[in-house]
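Letter by letter, the chains look like this.
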Amino acid sequence: MARYTRTFFSALGLSAMLMAGAAQAEEGKKVSIVDDRDVTVEVPAQPKRIASISYFADDVALALGIKPVASTYMTAGREPAFLLGLTSGMKQIGQRAKPNLELLSEAKPDLIIAIRRYTVGNAAQLQNIAPYVAYNMELLEESYSETAALSKLLGKPERGEQLNADFRKHLAEFAAKAPKDIHPRFMIMWGGATPFAFHTENTSASIVAAIGGDNIPGPKSPGGEFGIDLSLETMLEKDPEVIFVYDSGPDRPHESNPIWSQLSAVKNNRVFYVGDQWVETNGPIAREIVLREAAHYLYPDTFPAVDVRAEAAKLIPAELQN
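Residues numbered from 1 in each chain as written. Predicted model: local features only at pLDDT ≥ 70, side-chain atom pairs only at ≥ 80, totals over all residues. Heavy atoms only, no water.

1. Re the pattern of salt bridges
Next, step 1: Across all of its chains, the model carries eleven salt bridges by this definition.
Next, step 2: In this structure, the salt-bridge partner of Glu311 is Arg292, at a minimum N-O distance of 3.4 Å. Residue Glu311 is found in helix H12 (residues 308-315), and its partner Arg292 is found in helix H11 (residues 284-298); the two are separated by 19 residues along the sequence.
Next, step 3: Each of Glu288, Arg292, Glu311 and Lys314 takes part in a single network of salt bridges with overlapping partners. (Salt bridge = Lys/Arg side-chain N within 4 Å of Asp/Glu carboxyl O. Helix = DSSP H or I, 4+ residues; strand = E, 2+ residues; numbered from the N terminus.)

Structural data, given as structure tokens:
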């Protein structure tokens, strides 16, 4: 009996060792992906510690039930409502345009997901900290491909595809319900002495246009940028009926220009200072909230006002909210 027991437990020990070895081997695996720089990157097959330079990776990861360890911010001291303020529990590594690489290194990430245009200049330094993957995060079509790619990278490809399918369905439903005889002229802009406005292909502008809005900056030129400097004089000429301004703080020089008060949107109190989701729109949580906010702001008699945190709570698993 004693001999049998020793043999049994020896077998159990061997089995446990084999399982542990298999798990370690799995964790040590690498996969190759091509990011939006057209660079092939070797990344962990099962990344555990994700750092996000922009809110996009936070957005996708939280929708998948994963909490990143580090994140940049858009405006210092403000945790984004569309992510339920959960970034406050992540290591803060600076503003998205100027990430602090020392703080990033301290977070010990095993994967960095970054916005391309702000990080290509220090790609080598980022790659020395951890595998670095960059996405454009600019256009609606990229939102679908980037969400799918990152969901696959994080081990949940089916969930990523479902999030994309759900949004396509919701976008079509809102477009079908929107009044067909009203096409409000709109623009989405960063405030400033000379505002920067988004072309129609940009994710947030695409969403507003898809439900019937007429974007006054129009489409981008082939190979051109996703936005354009638009003077107040040009704005008056095109006269938007609804203006979405990214709320980056109390400094609003555009409001001091006498032309501003002549715009129809200003006269009719249809200027809306909007949150971070209107700039960081490519993730599955942000785009769903922008869709609902845009529908209400364009057609307040048809679509209800939006509780951003309540909508976010529907997409972020409850276990991450506690």
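So much for the structure itself; the text now carries on.
2. Looking at the sheet that holds strand E7 (residues 132-135)
Next, step 1: Sheet architecture is open: five strands sit in the order E5-E4-E3-E6-E7, paired in parallel fashion. Sheet topology places strand E5 (91-95) and E7 at the edges, where each strand pairs with a single neighbour. Sheet twist, expressed as the average angle between the axes of neighbouring strands with direction ignored, equals 20 degrees.
Next, step 2: Each of strand E3 (50-53), strand E4 (70-73), strand E6 (111-115) and E7 touches helix H2 (residues 56-63); the most contacted strand, E3, lies at about 135 degrees to it. (Pairing = 2+ DSSP bridges. Axes fitted to C-alpha atoms, helices over the stretch in contact; angles between N-to-C directions. Contact = heavy atoms within 4.5 Å.)

3. Regarding empty space enclosed by the protein
Next, step 1: Applying the stated criterion across every chain yields a total of one cavity of 30 Å³ or more.
Next, step 2: In this structure, the largest cavity occupies an estimated 40 Å³ of space.
Next, step 3: As for the largest cavity, its lining consists of Gly191, Val245, Tyr246, Asp247, Ser248, Gly249, Asp251, Arg252, His254 and Tyr273.
Next, step 4: When grouped by side-chain class, the residues that make up the lining of the largest cavity number three nonpolar, four polar and three charged. (1 Å grid on protein atoms, 1.4 Å probe; cavity = no way out; pocket = protein on both sides within 12 Å on 5 of 7 lines; lining within 4 Å. Points joined across faces, edges and corners; volume = space filled by probe spheres on them. Nonpolar A, V, L, I, M, F, W, Y, C, P; charged D, E, K, R; others polar.)

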